[in-house]
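Chain by chain, the residues:
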Amino acid sequence: MGAGPPKESGGPQLRGLGAGGGLAALRGLLARPLASYYLLLSSSGLLLLIGLTMVFSATSVLDFATGGNATESLTKQAIFAVIGVVAFWVCQRLPVRTFRGVAWPALGVALVLLLLLNSLTVLQSLAGIDGIGPIRANLHWLHLGPVQLQPSEVAKFALVLWGADVIARKGAKLGWWRELATPLFPVVGLLFVLVGYGDLGTMLCLLALVVGLLWAAGVRLRVFATLTAIGLLGVGLLVAVASLGAGAGERGAENYRLLRLTMFIDPPPLDKCKLEDCHQMVQARYAIENGGWFGTGLGKGSLKWGELPAAENDFIFAVIAEELGVVGCGVVVVLFAVLAYTGLRIAGRMTDPFRRLAAASATAWLIGQAMINIGGVLGLLPLTGVPLPFISDGGSALVVTLAAIGMLASFARAEPDAARALHARPPARWVRLVWAPLPPLPSRRRPGAPSASRARAPEGRHGDDQTAPRAVRANRARRGSAKERRR
């Protein structure tokens, strides 16, 4: 009998080669000099587009029913998005010395606004005074005449700039507690009290920011353990003061912060849940269940029509779950994961300590806030009432978030490989005028030469190896072993 045609035996190998080729292509794209810049623009731009779409979906029906204009909330959010894009463009063009120069003034402005907000809140609670002249306070918002803003959002960006500048100046001296205690910890503690008195969720976002800042600085683990203990004590005190009128609480009323915490730890059955106790949690579950894998369709959700509280800001992720399903939620989570990777990639490629610290802390702030919001909606974390970055309705938060993305974009263009690539083929002059100027070329240092920005440790303390950072102790050990070999 004649032999049949030879069987093909390379199917699995070809499929494996295709997968390997795809990974190689992905690695090649990520190895491009401006990969961080384009990843940042694409992820944040898509999140902004999703946010505008979902704000319109969550508000159009109620806006039309109450005012006859279905695009009222979308128009306001689009105006703030345009202002935020302008803030992004300005921050992308700023050199690093400008960010460091405005760090202290920005912190001062944030502290003044927070003090003013909390003073008016206390006066309103004790004496029933709504405001002083054109200045009024409304929970987390401060009204300065026709301008309305959230001082806590300004405090986030100010803390990124100020904290990165302070730690970058200290350098290797961070191995001693005295250097961390002045002035970093007192100012951070004051910000935590001023923000957490009215908004505990935003204070947790500041805590994530500080953790990212100290992690990028290489602070030792026992410092984090001590800060964790102090932070838990502070959170407990801020939960307790809700009974005295802090935040949305009222004197003599039930502590709403403690109630949210107990509801998370020991939730009641949904059929026995009281309307005022866990209404938000129940409606978010119904929205997620109603959405399923692929959702009911964009704009076809029903729980946003008054049943789901704060559907356009704090609980907009539940609207996404109902209308776009698990697939839509997965897209949003993947975009935030890409943003997290990009921010940490930018921080890891920076040779300037200020850029590295600012990039890491801004990334920790944005991703930490997203995790707190999504975790609260899904029931994985207690409800705190923080907006979802890029997506929730809110002007101050969107403008400040896009300004932070502009700062990260400026740092991405200043990566050593990106700066060399931009200088190798500089764009036309009109492109630099409209978009962004060329970043400075990285300085050329001898291999093994210490960075000029690294501060020298104080004299007379080199003998105390236990108080120095890990990198400093390792360098001393290598120098000591080299001397012994020469002997």
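Because the structure is predicted, anything quoted here is derived from the model rather than measured. (Residues numbered from 1 in each chain as written. Predicted model: local features only at pLDDT ≥ 70, side-chain atom pairs only at ≥ 80, totals over all residues. Heavy atoms only, no water.)

**Q** Sorry if this is basic, but what is going on with the sheet that holds strand 4 (residues 147–149) here?
**A** Remark on secondary structure: sheet strands pair via backbone hydrogen bonds, oriented parallel or antiparallel. Across the sheet, four strands lie side by side as 1-2-3-4; this open sheet has antiparallel pairing. On the outer flanks of this sheet lie strand 1 (131–132) and strand 4, each paired with one strand and no other. Relative to strand 2 (residues 135–138), strand 1 is paired through two bridges, and the arrangement is antiparallel. In the sheet register, glycine 131 faces strand 2, and the bridge partner there is arginine 136. (Pairing = 2+ DSSP bridges. Helix = DSSP H or I, 4+ residues; strand = E, 2+ residues; numbered from the N terminus.)

**Q** Teacher, can you tell me more about the pairing of strand 2 here?
**A** The side chains of a regular strand alternate between the sheet's two faces. Taken together, strand 1 and the strand that follows it, strand 2, pair antiparallel across an intervening segment of two residues, in which glycine 133 is found at a positive phi of about 65 degrees. Sheet analysis places strand 2 next to strand 3 (residues 141–144), joined by four bridges and oriented antiparallel. By the bridge assignment, isoleucine 135 is partnered in strand 3 with leucine 144. Counting the residues in the hairpin turn of strand 2 and strand 3 gives two residues, including leucine 139, whose phi is positive at 60 degrees.

**Q** Got a minute to help me understand the nonpolar core in this structure?
**A** A general trend in soluble globular proteins is that nonpolar side chains are found buried together. Of all hydrophobic cores here, the largest spans 101 residues; its most connected members are Phe157, Phe336, Trp365, Ile391, Met407 and Phe411. Excluding residues within four positions of it along the chain, phenylalanine 157 makes contact with Trp365, Val400, Ala403, Ala404 and Met407. Leu113, Ala137, Leu142 and Leu149 belong to the second largest nonpolar core, which has six residues in total. (Core = buried A, V, L, I, M, F, W, Y, C linked by side-chain atoms within 4.5 Å. Buried < 20%, exposed > 50% of the residue type's maximum accessible area, 1.4 Å probe, protein only. Contact = heavy atoms within 4.5 Å.)

**Q** Where do I start with the pattern of salt bridges in this structure?
**A** A pair can form between side chains of opposite charge whenever their charged atoms are brought close. Inspection of the entire model under this criterion finds six salt bridges. Of the charged contacts, one joins lysine 76 and glutamate 72 as a salt bridge, the two residues approaching to 3.8 Å between their closest N and O atoms. One end of the pair, lysine 76, and the other, glutamate 72, are both in helix 3 (residues 72–93), four residues apart, so they sit about a helical turn from each other. Assessed through its relative accessible area of 48%, lysine 76 is described here as partly exposed. (Salt bridge = Lys/Arg side-chain N within 4 Å of Asp/Glu carboxyl O.)

**Q** When you look at the side chain of histidine 143 in this model, what are you seeing that I'm missing?
**A** On the secondary structure map, histidine 143 appears in strand 3. By relative accessible area, which is 11% here, histidine 143 ends up buried. Not counting the four nearest positions on each side in its chain, histidine 143 is found in contact with Pro134, Ile135, Arg136, Asn138 and Gln148.

**Q** What is the right way to read the packing of aromatic side chains from this model?
**A** For any two aromatic rings, the description comes down to two numbers: the centre-to-centre distance and the angle of the planes. One pass over the structure, following the stated rule, counts seven aromatic pairs. Measuring from ring centre to ring centre gives 5.9 Å for phenylalanine 99 and phenylalanine 411, while their planes differ by 70 degrees; the resulting arrangement is edge-to-face. Placement of the pair is phenylalanine 99 in helix 4 (residues 96–101) and phenylalanine 411 in helix 15 (residues 395–413), with a sequence separation of 312 residues. A centroid spacing of 6.5 Å and a plane angle of 40 degrees characterise the contact between phenylalanine 157 and tryptophan 365, whose relative ring orientation is tilted. In this pair, phenylalanine 157 is assigned in helix 6 (residues 151–170) and tryptophan 365 in helix 14 (residues 353–378), connecting sequence segments 208 residues apart. With respect to burial, phenylalanine 157 and tryptophan 365 carry one shared label: buried. Here the aromatic cluster, defined as three or more aromatic residues joined through ring pairs, consists of Phe99, Phe354 and Phe411. Here the basic side chain of arginine 413 rests over the ring of tyrosine 37, its NZ or CZ set 5.8 Å away from the ring centre. (Phe/Tyr/Trp six-rings, centres within 6.5 Å; stacked < 30°, edge-to-face > 60°. Lys NZ or Arg CZ within 6 Å of the ring centre and 35° of its normal.)

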